[in-house]
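Commentary on secondary and tertiary structure
The primary structure of each chain is shown beneath.
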Amino acid sequence: MTKFLFVRHGEPDYSSVAEWAHIPMGKNFAGLSENGKQQIRNSCELLAKYDVDIIVSSPFTRTMQGAAIMSKQLNAGVEVERDLYEWQADLTYSITDDKKLLMLCQEHDHMNGVYPSGETKMWESTEMVRDRVLACLKKYCKFKCVVISGHAMMMQAVLGITTPIDHGQILTFEM
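Structural notes, computed from the coordinates. None of these values were measured; they are calculated from a predicted model.

All right, on to the overall build of the protein chain then. Secondary structure assignment for the protein chain yields five helices and five strands. Ordered by position from the N terminus, the helices and strands of the protein chain form the series β-α-β-α-β-α-α-β-α-β. Its C-alpha atoms give the protein chain a radius of gyration of 16 Å, near enough to 16 Å, the size a compact globule of 175 residues would have. The dimensions of the protein chain, computed from C-alpha atoms along their principal axes, are 45 × 40 × 25 Å. Every one of the 175 residues in the protein chain was classed for burial, and the buried ones make up 44%. Counting contacts in the protein chain only where the partners sit at least 6 residues apart, residues at least 24 apart contribute 71% of the total.

Shown next as C-alpha cells:
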C-alpha cells in the first residue's frame, strides 16, 4: 500500500503574471508569494516525520515551486506529471473573459461537478479529474510514501470531499 501525502500549493502571487491575464491559462504560470513559500516550509515540518520516497508535482509553476522547496527540505527527488494539473473550467482553452470563466465555475459548483445525464459541458467534471489523477498516481504505487504537490479541486475529487483545503494543507490518501 502506498501512502500519498497531498500538499496543496502555497498562496500564489498572481501579480507576477498580471500582464498575461488575457492569455488562456496565463495564471498557471504564477509562482508563490512570500507567504506561500512560508506555508510550504511549514508543511515540510509536518512532512519531516514521514520517510518520503519522492515528490510528484503538477506542472503549474506554483506547485513546482512548492515541490522544489519540499525537495530541498525533505531531501527527496521531484517528478513533474502533466496529468496532475488543476481542474479546468474551460476544456477548450479559449475563453479569456474572466466573467465567462466565473460563470463556468459557478455552473460547475451548482451542479456539484456532475454533468446532467446525456450532456457535456465546457468544464471538467469531478469524475474526469478523479480518473486522470488516479491514473497518474498508479504509476507511483511502487513507492511507500509519495508527496503530491497539487491543487485543491484535484485533491477534493480524489478524496471525495467538498470542504475547503488551505494553502499548504496536507491530506492523506492510500492506494
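Bringing helix 3 (residues 98–110) into the picture now. In this model, helix 3 (13 residues) spans 18 Å end to end at C-alpha, consistent with the 18 Å of a helix rising 1.5 Å per residue. With a side-chain oxygen lying 2.7 Å from the backbone nitrogen of K99, the N-terminal cap of helix 3 falls on D97. N112, located one to two residues past helix 3, shows a positive phi value of around 55 degrees.

This part is about the packing of helix 4 (residues 126–138) against helix 5 (residues 152–159). Relative to each other, helix 4 and helix 5 sit at 90 degrees, their axes nearing to 8 Å. Classed by the angle they form, the pair helix 4 and helix 5 counts as roughly perpendicular. Only M153, M154, A157 and V158 of helix 5 make contact with helix 4, whose side of the interface consists of T126, V129, R130, V133 and L134. Within the contact of helix 4 with helix 5, the residues separate by chemical class into seven nonpolar, one polar and one charged.

On to helix 4, then. Its 13 residues place the ends of helix 4 18 Å apart at the C-alpha level, agreeing with the 18 Å of an ideal helix rising 1.5 Å per residue. If you check which residues of helix 4 are buried, you get V129, R132, V133, C136 and L137. What you see down the axis of helix 4 is that its buried residues fit within an arc of 135 degrees, all on one side. In this structure, the buried side of helix 4 is in contact with strand 1 (3–8), strand 4 (145–150), helix 5 and strand 5 (170–174).

What follows is about the nonpolar core. Counting residues in hydrophobic clusters, the biggest one holds 26 residues, and the most contacted among them are F6, I148 and M154. Going through the elements one at a time, strand 1, strand 2 (54–57), helix 4, strand 4, helix 5 and strand 5 are the ones with two or more residues in this core. Of the residues forming this core, the biggest block, five residues, is contributed by helix 5.

In a beta sheet, neighbouring strands are held together by backbone hydrogen bonds and run either parallel or antiparallel to one another. The strand order 3-2-4-1-5 describes an open sheet built from five strands, whose pairing is mixed. Of all the strands in the sheet, just strand 3 (77–80) and strand 5 have a single pairing partner and so form its edges. Taken pair by pair, the neighbouring strands of this sheet meet at an average axis angle of 25 degrees, ignoring direction. Two elements, strand 1 and strand 4, share six bridges in a ladder whose sense is parallel. Counted as the bridge partner of K3 is C145 from strand 4. Strands in contact with helix 1 (residues 34–47) are strand 1, strand 4 and strand 5; relative to strand 1, the strand with the most contacts, it is inclined by about 160 degrees.

This model, assessed by the stated rule, comprises seven salt bridges. A salt bridge links K37 to E34; the nearest nitrogen and oxygen atoms lie 2.9 Å apart. Placement of the pair is K37 and E34 together in helix 1, with a separation of three residues, close to one helical turn. Note that D83 and R82 form a salt bridge whose closest N and O atoms lie 3.2 Å from each other.

The rules behind these values
- Residues numbered from 1 in each chain as written.
- Predicted model: local features only at pLDDT ≥ 70, side-chain atom pairs only at ≥ 80, totals over all residues.
- Heavy atoms only, no water.
- Helix = DSSP H or I, 4+ residues; strand = E, 2+ residues; numbered from the N terminus.
- Rg over C-alpha atoms; globule rule 2.2 N^0.38 Å.
- Buried < 20%, exposed > 50% of the residue type's maximum accessible area, 1.4 Å probe, protein only.
- Contact = heavy atoms within 4.5 Å.
- Expected span 1.5 Å × (residues − 1).
- Polar contact = N/O pair within 3.5 Å; in protein donor to acceptor, adjacent residues only side chain to side chain.
- Axes fitted to C-alpha atoms, helices over the stretch in contact; angles between N-to-C directions.
- Parallel < 35°, antiparallel > 145°, perpendicular 65-115°, else oblique.
- Nonpolar A, V, L, I, M, F, W, Y, C, P; charged D, E, K, R; others polar.
- Arc of directions from axis to C-beta.
- Core = buried A, V, L, I, M, F, W, Y, C linked by side-chain atoms within 4.5 Å.
- Pairing = 2+ DSSP bridges.
- Salt bridge = Lys/Arg side-chain N within 4 Å of Asp/Glu carboxyl O.

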